[in-house]
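# Close look at the chain arrangement
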Amino acid sequence: MKNMKKIWAMLLALTMILSLAACGSKKETPAPEAEKPAAEQPAETPAAEPAEESDLDYIKGKGSMTIGYTVYAPMNYTDDNGEFTGFDTELAQMVCEKLGVEPNFQEIDWGTKEVELAGKSIDCIWNGMTLDAEREANMNCTQPYVKNAQVVVVKKGTEYTDTSSLIGKTVVAEIGSAGEAQILGGEDAEPDANLAQADYVGKSVQTDCLMEVKAGTATAAVLDMTLANAMIGEGTDYADLEIVDELAIENYGVAFRKGSDVRDAVNAIFDELVADGSLGALAEKYGLELAD
């Protein structure tokens, strides 16, 4: 019996020894490292929008400036030799030469001039354009370069005291012109009270207004003094017409698209031409007076 107890004791001890040995031989496997997040990639920078081309770059890129005009002596017209000329024509040619582009003259409808300018069918309006608040708000206009006035033209012998003589009479002016504004009024000006009571007929160009007065289908025309001085009187086709009244003093400027940088470039050239006497000589050639 004693021997049996010794045997069980020995077996128990051996079991414990083997168990301890097994435990000691186990190697602890380290826990896998937590998976590290992938390095954050920098946010993708959107491609920069291409810089918008300036109006001056656009004109220089095509190598020409498209100049909107109507037939209007002495600013833009064809002379007796068939040559297209005029004060604005020559001035535009001088400016384009300094800009390094060719002038491209394109006849336009004066009534839609701003639409054509915005739509880039022309690059500027350069045609004895009267500066006013509305035009300067809608377009980039140059500094004034020539003085002008609106005048009343009638056939010689017509009874005329002042604009009250035209109440109820047919009066013509170019559509969209400063002359029309004297009759109908504008955003920044009230119409002449007497002319507002005339029977107004709008014409597409100022020369058509002179034709109406000459033909007797209109009693008077309200138009630019510069054109009237050049077109009527002795030695012209309208020798029987005369200026009888001066309504408003104004200035001419050139209009470019709203926001256009060409305006500033042209202003700088105007300053150069005034300083070297070129602009004064050109004005004298056409019987005009430079703006102050």
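What counts, and at which threshold
- Residues numbered from 1 in each chain as written.
- Predicted model: local features only at pLDDT ≥ 70, side-chain atom pairs only at ≥ 80, totals over all residues.
- Heavy atoms only, no water.
- Salt bridge = Lys/Arg side-chain N within 4 Å of Asp/Glu carboxyl O.
- Helix = DSSP H or I, 4+ residues; strand = E, 2+ residues; numbered from the N terminus.
- Buried < 20%, exposed > 50% of the residue type's maximum accessible area, 1.4 Å probe, protein only.
- Axes fitted to C-alpha atoms, helices over the stretch in contact; angles between N-to-C directions.
- Parallel < 35°, antiparallel > 145°, perpendicular 65-115°, else oblique.
- Left-handed = near helix turned anticlockwise from the far one by under 90°.
- Contact = heavy atoms within 4.5 Å.
- Nonpolar A, V, L, I, M, F, W, Y, C, P; charged D, E, K, R; others polar.

A few words now on the pattern of salt bridges. When the charged atoms of two side chains lie near each other, side chains of opposite charge can form a pair. Inspection of every chain in the model, using the stated rule, returns 11 salt bridges. Of the charged contacts, one joins R257 and D123 as a salt bridge, the two residues approaching to 2.9 Å between their closest N and O atoms. On the criterion of sequence distance, the pair formed by R257 in the loop between β11 (241–256) and α9 (262–275) and D123 in the loop between α4 (113–118) and β5 (124–130) is long-range, its members being 134 residues apart. With respect to class, R257 is no different from D123; both count as buried. The closest approach of N and O atoms between E212 and K203, which form a salt bridge, is 3.0 Å. Linked by salt bridges that have partners in common, D55, K62, D123 and R257 make up one network.

Right, let's talk about the packing of helix α3 (residues 87–99) against α9 for a bit. When two helices pack together, their arrangement is captured by the angle between the axes and the distance separating the axes. As a packed pair, α3 and α9 sit with axes 10 Å apart at the nearest point and diverge in direction by 110°. With respect to each other, α3 and α9 are oriented roughly perpendicular. Of the two elements, α3 crosses α9, and the hand of that crossing is right-handed. When α3 is examined against α9, the residues L91, M94, V95, K98 and L99 are found in contact with a partner set consisting of A265, V266, I269, F270, E272 and L273. Residues that form the contact of α3 with α9 fall into these classes: nine nonpolar, no polar and two charged.

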